[in-house]
Amino acid sequence: GALLVRDLWRSSREQAAYRELAQQVREGAASTGTSSEETDPAELPASSGRLEQYQLLHEQNADMAGWLYVEDTLLDYPVMYTPEEPEYYLRRGFEGSYAASGSLFIAEGCAPDSSHVIIYGHNMKNSSMFGDLDRYAEESYGRAHARIHFDTLAEEGTYELLAAFYSRVYTDQDQDVFRYYQYTDLSDPAVFTEYVRQVQAASLYDTGVTAQYGDKLLTLSTCSYHTEEGRFVVVARQAAST
């Protein structure tokens, strides 16, 4: 009982800290009165090159690489990037101390401004982090939350749901399987086409969205308990700017 109370208290504290960060971002965005889609990058502060709503948070922790959110969901978190130690934030909160829920972080081999960004996060029972990501298995949910926002520090980005599917981490002995997590570099047109083909073939439903070489892709990955070493994956394509 004591352990349960401790875990609940810790979880509540971790989520309260992230809600405070999200509030800072919303207040920062409101204070600018404009979005980056309306702002010429040349007009950004020369001292930082960063969007104003993320300036303060990046000063607090330079490992912050962007922000991921989906409207009308709990998914509203900073994304961390530590290329020298990619899983540094696996069990660390934004400030770097231990956190059972960890933080969202960019996969090894990717960068915030890559043409393909893979982001990992824990599947938490309290729906925090990627705890609700597997709800995209339901077509109705996917269509209702088809727009996924991933902002880098310098540019806002809106992505459209391309696919949602179950997968797993495969062993070296497994043959003819789709190891989505190895497709970090899609700079080769043939590799890009193969990735999109396999993603669409694995998808639980047809989203009506496809991708062509040159499009930016976003892949979100979390644990799934449908099988040993299971994973649930959501892939999205950056929407055309208007």
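Going by the structure above, here's the rest.
First things first, this report covers the structure right here in the doc.

Cut-offs applied
- Residues numbered from 1 in each chain as written.
- Predicted model: local features only at pLDDT ≥ 70, side-chain atom pairs only at ≥ 80, totals over all residues.
- Heavy atoms only, no water.
- Pairing = 2+ DSSP bridges.
- Helix = DSSP H or I, 4+ residues; strand = E, 2+ residues; numbered from the N terminus.
- Axes fitted to C-alpha atoms, helices over the stretch in contact; angles between N-to-C directions.
- Contact = heavy atoms within 4.5 Å.
- Core = buried A, V, L, I, M, F, W, Y, C linked by side-chain atoms within 4.5 Å.
- Buried < 20%, exposed > 50% of the residue type's maximum accessible area, 1.4 Å probe, protein only.
- Salt bridge = Lys/Arg side-chain N within 4 Å of Asp/Glu carboxyl O.
- Phe/Tyr/Trp six-rings, centres within 6.5 Å; stacked < 30°, edge-to-face > 60°.
- Expected span 1.5 Å × (residues − 1).
- Arc of directions from axis to C-beta.
- Polar contact = N/O pair within 3.5 Å; in protein donor to acceptor, adjacent residues only side chain to side chain.

Structural notes on the sheet that holds strand E2 (residues 76–80)
Consider a sheet: its strands pair through backbone hydrogen bonds, and that pairing is either parallel or antiparallel. Read around the closed barrel, the eight strands follow the order E1-E2-E3-E4-E7-E8-E6-E5; overall the barrel is mixed. The average undirected angle you get between the axes of adjacent strands in this sheet is 30°. Where helix H2 (residues 52–60) meets the sheet, it contacts strand E1 (64–69) and strand E5 (147–152), and its direction lies at approximately 130° from that of E1.

Points about the nonpolar core
Counting residues in hydrophobic clusters, the biggest one holds 44 residues, and the most contacted among them are Leu68, Ile119, Tyr136 and Ile148. Beyond its immediate stretch of four places on either side in the chain, leucine 68 contacts Leu75, Asp76, Tyr77, Val79, Leu104, Ile119, Phe130, Ile148, His149, Phe150, Leu218 and Leu220. Counting 17 residues, the second-largest nonpolar core is a separate cluster that includes Tyr183, Phe192, Val233 and Val235.

Overview of the pattern of salt bridges
A full pass over the atoms with the stated rule returns six salt bridges. The residue glutamate 160 makes a salt bridge to arginine 237 at a minimum N-O spacing of 2.3 Å. Residue glutamate 160 is located in strand E6 (residues 158–168), and its partner arginine 237 is located in strand E8 (residues 230–238); the two are separated by 77 residues in the primary sequence. With its nearest N and O atoms 2.9 Å apart, the salt bridge here joins arginine 197 to glutamate 194. Of the two residues, arginine 197 and glutamate 194 both sit in helix H4 (residues 189–202), three residues apart, roughly one turn of that helix. For arginine 197, a relative accessible area of 47% translates into the label partly exposed.

Considering the packing of aromatic side chains
Inspection of every chain in the model, using the stated rule, returns 13 aromatic pairs. Between phenylalanine 165 and phenylalanine 178, the ring centres sit 6.1 Å apart and the planes meet at 35°, which makes this aromatic pair tilted. You can see phenylalanine 165 sitting in strand E6 and its partner phenylalanine 178 sitting in the loop between E6 and H4, a full 13 residues away along the chain. Like phenylalanine 178, phenylalanine 165 is buried.

Digging into H4
Between the first and last C-alpha of H4 there are 20 Å, a value that for 14 residues agrees with the 20 Å anticipated at 1.5 Å per step. Buried within H4 are the following residues: Phe192, Tyr195, Val196, Gln198 and Val199. Angular distribution of buried residues about the axis of H4 spans 165°; they occupy a single face of the element. Exposed and oriented more than 90 degrees from the buried face of H4 are Ala190, Thr193 and Ala201.

Things to note about the environment of histidine 116
Within the element layout of this structure, histidine 116 appears in strand E4 (residues 116–120). Residues histidine 116 and lysine 216, spaced 100 residues apart in sequence, show a C-alpha to C-alpha distance of 5.8 Å. Those residues in contact with histidine 116 that lie beyond four places of it in its chain are Cys110, Tyr183, Thr184, Leu186, Tyr195, Leu217, Leu218 and Thr219. A polar contact is formed between the side chain of histidine 116 and the side chain of threonine 219, at a distance of 2.8 Å.

Note that all results are geometric; they support no functional claim without further evidence.
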